[in-house]
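Descriptive analysis of the structure
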2 protein chains.
Amino acid sequence: MDLNYRFRDPALARLALTHRSIGKPNNERLEFLGDALLGAIIAEMLYEAHPKASEGELSRLRAQLVNGQALAVVARELELGEGLQLGPGELKSGGFRRESILADAFEATIAAVYLDGGFDACRDTVRGLFAERIAALRRSSKDAKTRLQEWLQAKGLPLPQYELLASHGEDHAKTFDVSCAITEPMAFVAEAHGGNRRAAEQDAAELVLSQLLEQQRSS
Amino acid sequence: MDLNYRFRDPALARLALTHRSIGKPNNERLEFLGDALLGAIIAEMLYEAHPKASEGELSRLRAQLVNGQALAVVARELELGEGLQLGPGELKSGGFRRESILADAFEATIAAVYLDGGFDACRDTVRGLFAERIAALRRSSKDAKTRLQEWLQAKGLPLPQYELLASHGEDHAKTFDVSCAITEPMAFVAEAHGGNRRAAEQDAAELVLSQLLEQQRSS
């Protein structure tokens, strides 16, 4: 796998691979920018690929693609590890820490492409790297409430509580506000709105699930 | 204040202002895309405007600009409320709910500009709307540990716990891993790494603070 991009400014490409353990300047600011660009470009790809998916479902699909583990896989395919600049304390680090360094370097590289070649070059690069991954993603056949329940059960955590907050409108066109609350691994409540209670609960469960996956990613 | 963009496809502009209480299609999918685009464009603006800011500081500045309340202010300046399509249940809703509907409509409008006119048009629009806001943002003179402490104290919550997790490297070039943990309003731990313990604690506090602001925004 190849980035398929040739840098005009090779120093920018190097900076993207410079871990903070080297000192400053390092790739942390690029990582901030790259994370945001990647999120936007993947959002567009999913928006196009899944014209029927709800906002919650699009968020969940994106979280599957841009979590640290998934990005470390891309970074390895691009062999970014070979160019990494690490300080002495980090050289031998393995496992999770190494994964997260690779994922960060990948995000920083995306920002470097943007700054070097502009949005279209960056978008082409991301599309090249993620097109097949997106095609391979199936919208899960299990519904969000089931997936949330299974996620919590697998960790031995309490099940979510659903609550009907309000309903609006005439009988023939009623809509429902519901909440889905969890207490562990963190206290979190999501609210959703829908044409029937079950659909609203699914959307609320989806929001909680994407929050959990996001949390898992950033912790 | 004006969007300064003329839509080729006015249906897209209308869709961006169509709340889910109308049924489908509505602006929820556009909001997903717009949120991501706005995040990326503001990230770039902050990256340029604050060449010395750390990743944590950039995140915090962005959270100040793109939280629901701040976006509702922009939406009001653009008078998006006048074009909002709302179902009967939502017509009279006021207060926080109304704010969040406006913020969502603004994000959806950003996506509509992107789909209608491409990235450069979208970026110009966002830059036009946020340039002065970004210039007016001061990098807070208070450090992150102080701001986090004040935020928690204002809500009567327990103070954060800082812990030294590890130090690496030779004495003359030691680096430190620290964590900053809170238990309320949610259990959250952030880790950071730095050339001295205090700097690493500041970065960890910054991460916790941006998580709290993000949480506040989405709840």
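Residues numbered from 1 in each chain as written. Chains lettered and ligands numbered in written order. Predicted model: local features only at pLDDT ≥ 70, side-chain atom pairs only at ≥ 80, totals over all residues. Heavy atoms only, no water.

- Chain A is annotated in an unreviewed UniProt entry as Ribonuclease 3 from Rhodanobacter spathiphylli B39.
- We quote the UniProt Subcellular location (unreviewed entry) comment for chain A here in full: "Cytoplasm".
- Here chain A is described in UniProt, under the heading Function (unreviewed entry), as follows: "Digests double-stranded RNA. Involved in the processing of primary rRNA transcript to yield the immediate precursors to the large and small rRNAs (23S and 16S). Processes some mRNAs, and tRNAs when they are encoded in the rRNA operon. Processes pre-crRNA and tracrRNA of type II CRISPR loci if present in the organism." (UniProt positions renumbered as here; feature names shortened; annotations may be inferred.)

1. Some remarks on the overall build of chain A
- Per the secondary structure count, chain A includes 8 helices and 3 strands.
- When its helices and strands are written in sequence order, chain A yields α-α-α-α-α-α-α-β-β-β-α.
- With respect to the three principal axes, the spread of C-alpha positions in chain A is 65 × 35 × 30 Å.
- For chain A, the proportion of contacts with a sequence separation of at least 24, taken over those separated by at least 6, is 61%.
- For chain A, the computed accessible surface area is about 10,300 Å², with 49% contributed by carbon and sulfur atoms.
- Placing the 26 positive and 32 negative side-chain charges of chain A at their respective mean positions leaves the two points 3 Å apart. (Helix = DSSP H or I, 4+ residues; strand = E, 2+ residues; numbered from the N terminus. Contact = heavy atoms within 4.5 Å. Areas by Shrake-Rupley, 256 points an atom, 1.4 Å probe, with all protein chains shown as cover. Lys, Arg positive; Asp, Glu negative; His and termini not counted. Charge placed at Lys NZ, Arg CZ, Asp CG, Glu CD.)

2. Focus on unusual backbone geometry
- For the bond from K24 of chain A to P25 of chain A, the omega torsion is 0 degrees, close enough to zero to count as cis.
- Unlike most non-glycine residues, N4 of chain A shows phi in positive territory, near 55 degrees.
- Looking at the element boundaries, N4 of chain A is found in the segment before α1 (10-16).
- Phi at E79 of chain B is positive, roughly 55 degrees, even though this residue is not glycine.
- Mapped onto the elements of the fold, E79 of chain B is located in the loop between α4 (68-77) and α5 (95-117).

3. Here's the deal with the interface of chain A and chain B
- Tallying the contact residues gives 40 residues for chain A and 39 residues for chain B.
- Taking both partners together, chain A and chain B bury about 3,700 Å²; carbon and sulfur atoms supply 57% of that area.
- Considering only the surface of chain A that becomes buried against chain B, R29, F32 and Y47 of chain A emerge as the three largest contributors, covering 23% of it.
- Taken together, chain A and chain B are joined by 0 salt bridges.
- Applying the counting criterion to the chain A and chain B interface returns 12 residue pairs in polar contact (both at pLDDT 80 or more).
- Secondary structure elements with two or more residues in the side of chain A that touches chain B: α2 (28-49), α3 (55-66), α5 (95-117), α6 (119-136), β3 (188-194) and α8 (197-218) of chain A.
- Ranked by residue count, the leading element in the side of chain A that touches chain B is α2 of chain A, at 13 residues. (Buried area = accessible area lost by both parts, 1.4 Å probe. Salt bridge = Lys/Arg side-chain N within 4 Å of Asp/Glu carboxyl O. Polar contact = N/O pair within 3.5 Å; in protein donor to acceptor, adjacent residues only side chain to side chain.)

4. Comments concerning α3 of chain A
All names here are of chain A.
- With 12 residues, α3 extends 16 Å between its outermost C-alpha atoms, agreeing within 8% with the 16 Å of an ideal straight helix rising 1.5 Å per residue.
- Along α3, 11 of the 12 residues are buried, which leaves the element largely enclosed by surrounding structure.
- Along α3, the residues that are buried comprise E55, G56, E57, L58, S59, R60, L61, R62, A63, L65 and V66. (Expected span 1.5 Å × (residues − 1). Buried < 20%, exposed > 50% of the residue type's maximum accessible area, 1.4 Å probe, protein only.)

5. Some details on the UniProt feature "active site" (unreviewed entry) in chain A
Residue and element names in this part refer to chain A.
- Sites flagged by UniProt as "active site" (unreviewed entry) map to D35 and E107. Of the residues just listed, which span 73 residues, no C-alpha pair is farther apart than 5.4 Å, and they cluster in one region.
- Mapped onto the secondary structure, D35 falls in helix α2.
- In this structure, E107 sits in helix α5.

6. Some details on the sheet that holds strand β2 (residues 175-182) of chain A
Residues and elements named next belong to chain A.
- Overall, antiparallel pairing links the 3 strands, which are arranged β1-β2-β3 in an open sheet. Of all the strands in the sheet, the pair left with one neighbour each is β1 (161-168) and β3. The mean angle between the axes of side-by-side strands here comes to 20 degrees, regardless of whether they run parallel or antiparallel.
- In terms of strand pairing, β1 meets β2 through 7 bridges, oriented antiparallel. Bridged to H168 within β2 is T175. (Pairing = 2+ DSSP bridges. Axes fitted to C-alpha atoms, helices over the stretch in contact; angles between N-to-C directions.)

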